Amino acid sequence: MSTLQTSVSLTSHSDLITSLSFSSHPYLATSSLDHTIRVTSLNAQTGAWDANPQDWKAHDAPVLKVAWAHPEFGLLLASGGVDGVVKLWAQEDVRATPGISSARGAPAGITRLGGGAGAGSNGASSTNTTTKRWALRAALTDARGTIRDLEFAPPEFGLKLAAVSSDSHLRVWECLDPVSLTEWSLIEDIDLTVLPVGPSSSNAGAGLAPLPGGGAGGGASFGAEGAASPQKPGQGFGAGGSSLGSAAGGPMGSSSSASGSSFDGRKGGTVESDGGWALSWCKEAWWGERIAVSAGSSGIIRLFHLADHAPWNNYLNLLPPRASSHFSATPPTSSLSWAPASGRSYQLLASGSRDGRARVWKLFTPSLEGEELKESLGEDGWRGEMDAELEESKSARGGSVASVRVEWNVTGTVLSTVGSLFLNLMSRSAHPFTLSPTGWRRRQGSALEV
Amino acid sequence: MDSTAQAVQLQPALAHTTGQSIALSTAFAPNSNLIALVPSPLETQLTPSTTQQRQLVYAAQFAVDHSHRREFIVHSYTLFASLQKIAQDGTTDIYGAPSQPTQDQLSYYNRIIRLYQDALVQQLPIIQADTTLSPSLKSHQLTHHADLHSILSLTQLLYLPNDGRGDGLVGEELLDWVNTVDRAPSAEEGEELADLSRPWEHPNFWPYLHRCILRAHLLSSSTLLSLLASSHPSPILRDLATLATDLLNTFPRSTAFRTEAEFLHKLRIWKAEANKSEKRAEELFAAAEEDEVLGADDDLRLDFETSFRCLFELLNGSESRVLEVAEDWREALGAWGVWVNPGGRREGVPATLQLITKSHPVDSTLPSEAVQSSLILGDVPRALQQSNLLSTWLVAHLSDLLYHLGVLDSPPPSSSSSNSYSTDLRTHFLLSYTDLLQSDPTLWRVTVDYLAACGEEGRARMRGVLKGVELSSEAAERVGEVEKSGAEEQGMDVEGASEKENADPEQREKENRQPSVVEEVLRVCSEQGLEEEMMSVCKVWSEQLIAQKRYGEAVSFCVRAGDSKRIARIADRVLEEYVVHGQESFIAHVDSIPTSLLRPPSSSLHRDLFGASSDDLTSASRASSPMGSDEGAGLQAPFSSRLSFLARYRDFFAFYARGDRRQAAGLLVLLLTSGVAPKGFYAVMLLDVLPLLSAPTTLDSLLITPSETYELLRILEELTSPISATGVDIYGHLDSLARLLGGGEEETGEMRTKRALRQLEVVRGELARHLGRCCCL
């Protein structure tokens, strides 16, 4: 009955693809170690995602993550990479004489809206053709480390982008100018390394207070503000020196040299290979701006409430159980995915860890009718518990334990957990009749072995 | 966890550099069960590799069910939808579960289940004719459909009888069902026997005859027996055969009688006759030893004796004999209602089956048989659980039907424990069906309607599905782009109204079709009461329209979304059109905006402001507006302050174009002095003042009065003073003007500002001269 059908399309990336993301337009964006981003759409004839390819060199270092803004804000793509810069890309019309393709290597200057559109010669336009091209709208240079994960907030909160970088800061930017998309203001900058293990809020004195929003200039002016934070990124875990870390020491060195001089100083020779960095927004706007973040080697998943006119509040922490001898404490979390609203009394959050396991957390939201046992609940009335721990089916294969990436489908009914050698699609069984001991079943024929 | 999940290999296999281990990354497509998969670097190796290799993207479809075609799914969906409508008319009990359905509803349900079966039957010739299927797949699909059909018809027989109440005799119906599901014995066997001159010597003669009787194929049985009666050499056998033939020919079938009593009366008479015949047969057996043919051959005689005894016992309804002759439980069950217990009713069937399965167990490895027996035993949940293994389509529709019949347990009282994930069976199975439906993005409407029947959880999923619907028919667009990339892009450059005229029919069709998806989504959202999604869809679509420069339509969608900020942005873009593409383009875009929004009738404030002078123009442009004026009726000024400016500025051009310079000047000054215009556009408008200043002869012919000139100079000073103080255009006041004036690509912003500033100096000079002239008059 249920089958897994595959089709293949060839990209122009010359190196491994680091992340991929569908927009609902629909476009597929992929980022690669070869510093490029590629955007394609569905080829109606072949069914492969290779129509109208546009690719360009986006960063001066490997690009690690791409994410689309909600289509309410038009076609807007964010990318982040080893150079520590978050870049925002939008499509714009480019006049070009036929035959000259502007796809590859589009000049990456910040252009104001319509700025590149030639010399306003009225009426002469019909002889030229217009092509679409991805142009850089803004470059956010606040981060002091590799951008490891980024995601746009639900559209209800405006055009906001969160990123977590290997300096273990959670940063949230807001776009002040949705027309030209050039002006972004850093509205949150939370240092995750100094937070206590338990929940806390910025009132408690830990971490940085949220920066006042509303800087007027472009990204450059934020660089100075960010530099004031007394961070030495990554030192906490860099010294760990486990077998994994030392094994990766060599390649990291070459990474630094390959990715250009601009970020070398900032990174300060961090060994990033031991930690995990991930974030995911709560998809249900009803609960306000909530985000789950994990950074560094600790693996703690922190849930923040970023209220509009109040200081941030780290209201709940989730601790993945220690499961492997590789890690002295909890395994670092390398992937987080908050499920879409399910119409139930709780939220689901999936996490993937460096120990090769995916976990599903149930987050119980405060009951609307009220009188629950207040003392058993965390601050803010939220409570979390681990619902399932899903192990890699073929953990015996391959040498190293791979980190697991998790993602939900659009209805929140299927969870993909993917490691180095497998893809599993899991569905939550909804009825006792089909309920297995863990409550999760692998979809028939959906395990994929590479 | 399902341990039977098999591993699937990627084709082509991942080719990666030896020694380099890799991870994978995935992404779900927003609108279908598609997951894209790429080889990724391990987190420990985020470094470019030395070897260059073009990378592959794998796209995998999951939860695809190939056993049904789209037409069938849509067809059965219409039946499902009408069933929901009928069910809604019924009352519900205090728990929200349907109370006992009314007689009318029952007959509707009966009709629906028959239509489901018809839909399945209609698929058979299509599958047969499908040349793309391999023979094995074809036969598998045919069997699959037949299985589904048999389960539905059994459900109908047992739970949705044609008479509505189901208190009639069930025997003949059951037998009929058995004969349909499992045709036996085959007609070929019968023909083969009938063609023989001495058929009774064929080894299959008696088995065939007995099975014919079990299945109540009375005509075939009596034909064969009459051959024996007429042409066998043994007179005793001829007598026996005649006896049996007579019995068979007189056997009363319940289907032939109008009332039950009449049938039972006839049956009693026939039973007495059959008893007599059996006794007579025993006498004949005793006499058989003296028979000239049989007496000589003991084996032959005993053989005939056993076979005839068996035959008479079957006719007399001997339980043990029926069980012995029947090949499986279904055959026995069918025979039971005709021979053993012809007066049996539906209540008795489960007990009968239990009796039968002692000697003929149900083969539980065959899902369809398992479902059938569970249905007969009245174990509905178990039947559904087993149907789930057979077909997601079947279990969804079956559980829905049975739920509405009231034979399925009502859902547990909600929120009994927040921990419980359980929903009622029907919801559960319908939801799993929608999982499959989602693999086909074109079926989103169908998916939504199924989800609508699934309570809160269905609604939550519905939001996800609706958000994922591809609003524009981009698939068609993409094909177009591939075919004629050049031509299409040229079309995009042609502005405004002329675009539609120039476009070829294909493109026009595309444009006509595009909004229909949006409207469809919006309609569904409003039907389901999903306000937020409706707004979101409007915003998303207006954003796409903006990207296509279809500002007029974009505005009307913004209005529906109540998004005044976005309208302001659109207004800015239309002004941008003026700066970049000039006046004609600007006018075309303004005219595409619905008149009711540009010039809201209720906005008396603006009418006072601008006087009645432009009324004639208003009506003129209303006629030329492509959108109906009803679109934004009732929407008030908040949306329109920015749009009004567009309208007035467009009026200015119209006045000027038809030589009405006085009107034009009045309007322009009003726009500048009343503060309606956006600040960034003042500089551009000041430039428009120039031609209106020239050569007044009398005081009356002055287009711009001295006091207005003072006012304009003040505005000019306001714009330029910060720039002359700092040297830079901090507030961007001259930005639009600078770009309007143009210049080479290589020009820096500073040079542009300077040029704009020079232009404004010209304006200042002209205004001063004008003031001077005014004083002289």
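Residues numbered from 1 in each chain as written. Chains lettered and ligands numbered in written order. Predicted model: local features only at pLDDT ≥ 70, side-chain atom pairs only at ≥ 80, totals over all residues. Heavy atoms only, no water.

Student: Describe the overall build of chain B, and please don't skip the residues or the numbers.
Tutor: Assigned secondary structure in chain B consists of 36 helices and 4 strands. Taking all 777 residues of chain B together, the buried fraction comes to 53%. Within chain B, contacts between residues separated by at least 24 positions form 67% of all contacts whose residues are at least 6 apart in sequence. Summing over all exposed atoms, chain B offers an accessible surface of approximately 34,100 Å²; the carbon and sulfur share of this is 52%. (Helix = DSSP H or I, 4+ residues; strand = E, 2+ residues; numbered from the N terminus. Buried < 20%, exposed > 50% of the residue type's maximum accessible area, 1.4 Å probe, protein only. Contact = heavy atoms within 4.5 Å. Areas by Shrake-Rupley, 256 points an atom, 1.4 Å probe, with all protein chains shown as cover.)

Student: Explain the packing of aromatic side chains residue by residue, including any values.
Tutor: Per the counting criterion, the structure on display carries 36 aromatic pairs over all chains. Judged by centre distance (6.2 Å) and plane angle (85°), the rings of A:Trp286 and A:Trp287 are edge-to-face. What makes A:Trp286 exposed here is its relative accessible area of 58%. With relative accessibility at 15%, the residue A:Trp287 sits in the buried group. Seen from their ring centres, B:Tyr578 and B:Phe653 are 5.4 Å apart, and the 35° between their planes marks the pair as tilted. Taken together, the residues B:Tyr578 in helix H26 (residues 564-581) and B:Phe653 in helix H31 (residues 637-657) connect sequence positions 75 residues apart. Neither B:Tyr578 nor B:Phe653 differs from the other in exposure class; each is buried. The structure contains a cluster of three or more aromatic residues connected by ring pairs, namely B:Tyr578, B:Phe586, B:Phe645, B:Tyr649, B:Phe652, B:Phe653, B:Tyr656 and B:Phe681. (Phe/Tyr/Trp six-rings, centres within 6.5 Å; stacked < 30°, edge-to-face > 60°.)

Student: So what's going on with the packing of helix H32 (residues 661-674) of chain B against helix H34 (residues 706-726) of chain B? Residues and values would help.
Tutor: All names here are of chain B. Packing of H32 against H34 leaves a shortest axis separation of 10 Å and a crossing angle of 50°. Comparing their axes, H34 and H32 come out oblique. Between H32 and H34 the crossing geometry is left-handed. Contacts from Val669, Leu672 and Thr673 of H32 reach H34 at Glu708, Glu711, Leu712 and Ile715. Taken together, the residues of the contact of H32 with H34 break down into 4 nonpolar, 1 polar and 2 charged. (Axes fitted to C-alpha atoms, helices over the stretch in contact; angles between N-to-C directions. Parallel < 35°, antiparallel > 145°, perpendicular 65-115°, else oblique. Left-handed = near helix turned anticlockwise from the far one by under 90°. Nonpolar A, V, L, I, M, F, W, Y, C, P; charged D, E, K, R; others polar.)

Student: Describe the UniProt feature "repeat: WD" (unreviewed entry) in chain A, listing the residues and the values that go with them.
Tutor: Here the UniProt-annotated "repeat: WD" (unreviewed entry) positions come out as residues 10-39 and 56-89 of chain A. The annotated region residues 10-39 of chain A carries 0% helix and 57% strand content, and the separation between its end C-alpha atoms amounts to 13 Å. (UniProt positions renumbered as here; feature names shortened; annotations may be inferred.)

Student: Break down the environment of B:Val178 for me, with residues and values.
Tutor: Residues and elements named next belong to chain B. Along the chain, the position of Val178 falls in helix H4 (residues 171-181). Judged by relative accessible area, Val178 falls into the buried class, the value being 1%. When near neighbours in sequence (up to four residues on either side) are disregarded, Val178 contacts Arg215, Arg330, Glu331 and Gly334.

Student: Any chance you could break down the confidence of the model for chain A for me, citing the residues and the numbers?
Tutor: Residues and elements named next belong to chain A. Of all residues in chain A, 61% attain a pLDDT of 70 or more, and the chain-wide mean is 70. Below a pLDDT of 50 lies the segment residues 205-270, which in the model reaches 102 contacts outside its immediate sequence neighbourhood of four places, other chains included. Confidence drops under a pLDDT of 50 for residues 370-378, and excluding neighbours within four residues, the segment shows 5 contacts in the predicted structure. (pLDDT = per-residue confidence, 0-100.)

Student: Quick rundown of the nonpolar core? Include the residues and the values.
Tutor: Of all hydrophobic cores here, the largest spans 197 residues; its most connected members are B:Phe308, B:Phe586, B:Leu646 and B:Tyr649. Once residues within four sequence positions are removed from consideration, B:Phe586 is found in contact with B:Val574, B:Leu575, B:Tyr578, B:Leu646, B:Tyr649, B:Arg650 and B:Phe653. (Core = buried A, V, L, I, M, F, W, Y, C linked by side-chain atoms within 4.5 Å.)

Student: Which residues make up the pattern of salt bridges, and what values do they have?
Tutor: Considering all chains together, one arrives at 53 salt bridges over all chains under this definition. One salt bridge in this structure joins A:Arg357 and A:Glu389, with 3.5 Å as the shortest N-O distance. Within this pair, whereas A:Arg357 is found in strand E21 (residues 357-364), its partner A:Glu389 is found in strand E22 (residues 383-391), the two being separated by 32 residues in sequence. A relative accessible area of 18% places A:Arg357 in the buried class. Linking B:Arg461 and B:Glu457 is a salt bridge whose minimum nitrogen-to-oxygen distance equals 3.4 Å. Here B:Glu457 and B:Arg461 lie together in helix H19 (residues 455-468), a separation of 4 residues that amounts to about one turn. (Salt bridge = Lys/Arg side-chain N within 4 Å of Asp/Glu carboxyl O.)

Student: Describe in detail a nonpolar patch on the surface, supporting the description with residues and values.
Tutor: The grouping of B:Val728, B:Ile730 and B:Tyr731 at the surface amounts to a nonpolar patch, some 340 Å² of accessible area in total. Judged by its relative accessible area of 48%, B:Val728 is partly exposed. (Patch = residues over 30% accessible without salt bridge, like charges linked within 9 Å, V, L, I, M, F, W, Y side chains within 5 Å.)

Student: How would you explain the domain arrangement of chain B if you had to name every residue and give the values?
Tutor: Along its sequence, chain B is organised into domain 1 (196-326), domain 2 (471-531), domain 3 (544-658) and domain 4 (659-777). Centre-to-centre, using C-alpha coordinates, domain 1 of chain B lies 116 Å away from domain 4 of chain B. (Domains from an automatic or database assignment.)

Student: An account of a negative patch on the surface is needed here, citing residue identities and associated values.
Tutor: Negative charge collects at one region of the surface, where B:Glu188, B:Glu191, B:Glu192 and B:Asp195 lie side by side. Along the chain, the position of B:Glu192 falls in helix H5 (residues 187-195). (Lys, Arg positive; Asp, Glu negative; His and termini not counted. Charge placed at Lys NZ, Arg CZ, Asp CG, Glu CD.)

Student: Residues and numbers for the sheet that holds strand E3 (residues 27-32) of chain A, please.
Tutor: Residue and element names in this part refer to chain A. Pairing is antiparallel in the open sheet, where 4 strands are placed in the order E2-E3-E4-E5. The open sheet has two free edges, formed respectively by strand E2 (17-22) and strand E5 (51-57), since each of these has just one partner strand. On average, each strand axis in the sheet is inclined to that of its neighbour by 15°, with strand direction left out of account. In the sheet, E2 pairs with E3 via 5 bridges, with the strands oriented antiparallel. Note that in E3 the partner of Leu20 across the bridge is Thr30. (Pairing = 2+ DSSP bridges.)

Student: Account for the confidence of the model for chain B, with residues named and values stated.
Tutor: Residue and element names in this part refer to chain B. Across chain B, pLDDT averages 79, with 81% of residues at or above 70. Counting contacts from residues 1-7, a segment whose pLDDT is below 50, to residues more than four positions away or on other chains yields 14 contacts. Confidence over residues 412-422 falls short of pLDDT 50; this stretch has 17 contacts with residues more than four positions distant or in other chains. With pTM at 0.78, the complex prediction returns an ipTM value of 0.75.

Student: Report on unusual backbone geometry, specifying residues and quantitative values.
Tutor: Residues and elements named next belong to chain A. A positive phi angle, near 75°, is found at His35, a position not held by glycine. Of note, His35 is situated in the loop between E3 and strand E4 (36-41). Of the residues examined, His35 reaches a relative accessible area of 13% and is grouped as buried. Phi is positive for Leu181, close to 60°, though the residue is something other than glycine. Within the secondary structure, Leu181 sits in the loop between strand E12 (169-175) and strand E13 (184-191).

Student: Which residues make up the sheet that holds strand E18 (residues 313-318) of chain A, and what values go with them?
Tutor: The strands making up a sheet associate through backbone hydrogen bonding, with each pair oriented either parallel or antiparallel. All names here are of chain A. In spatial order, the strands read E14-E18-E17-E16-E15; together these 5 strands make up an open sheet with antiparallel pairing. Of all the strands in the sheet, just strand E14 (200-201) and strand E15 (278-281) have a single pairing partner and so form its edges. Note: strand E17 (residues 301-305) against E18, 5 bridges, orientation antiparallel. Its bridge partner being in E18, His305 is matched across the sheet by Asn313.

Student: Got a sec to walk through helix H15 (residues 380-390) of chain B? Specific residues and values, please.
Tutor: An α-helical segment advances 3.6 residues per turn. Residues three or four places apart therefore align on the same side. Every buried residue belonging to H15(B) is among B:Val380, B:Ala383, B:Leu384, B:Gln386, B:Ser387, B:Asn388 and B:Leu390, and all of these are buried. Elements that come into contact with the buried residues of H15(B) comprise helix H3 (135-159), helix H14 (367-377), helix H16 (392-405) and helix H17 (425-437) of chain B.

Student: I'd love a proper account of the side chain of B:Gln117, names of residues and values included.
Tutor: Residues and elements named next belong to chain B. Mapped onto the secondary structure, Gln117 falls in helix H2 (residues 103-129). Here Gln156 takes part through its side chain, which lies 2.8 Å from a polar atom of the side chain of Gln117. Filtering out sequence-adjacent residues up to four positions away, Gln117 remains in contact with His149, Leu152, Ser153 and Gln156. (Polar contact = N/O pair within 3.5 Å; in protein donor to acceptor, adjacent residues only side chain to side chain.)

Student: Give a detailed account of the domain arrangement of chain A, specifying residues and quantitative values.
Tutor: Residues and elements named next belong to chain A. For chain A, the assigned domains read domain 1 (17-94 + 131-191) and domain 2 (271-449). Contact residues are listed per partner, giving 22 residues for domain 1 and 21 residues for domain 2. Summing both partners gives a buried area of about 1,800 Å² for domain 1 against domain 2, and 64% of it is carried by carbon and sulfur. With a closest N to O distance of 3.3 Å, Glu151 and Lys283 form a salt bridge. The interface formed by domain 1 and domain 2 includes 7 residue pairs in polar contact (both at pLDDT 80 or more). Of all the secondary structure elements, the ones that give two or more residues to the side of domain 1 that touches domain 2 are strand E10 (147-152), strand E11 (160-165), E12 and E13. Partitioned by chemical class, the residues of the side of domain 1 that touches domain 2 number 11 nonpolar, 5 polar and 6 charged. (Buried area = accessible area lost by both parts, 1.4 Å probe.)

Student: Describe the environment of A:Leu349, listing the residues and the values that go with them.
Tutor: Residues and elements named next belong to chain A. Inspection of the secondary structure puts Leu349 in strand E20 (residues 346-353). Since its relative accessible area comes to 0%, Leu349 is described here as buried. C-alpha of Leu349 to C-alpha of Trp408: the two residues are 59 residues apart in sequence and 9.3 Å apart in space. Beyond its immediate sequence surroundings of up to four residues, Leu349 is in contact with Ala292, Ile301, Leu303, Leu318, Leu336, Ser337, Trp338, Arg359, Val360, Trp361 and Leu363.

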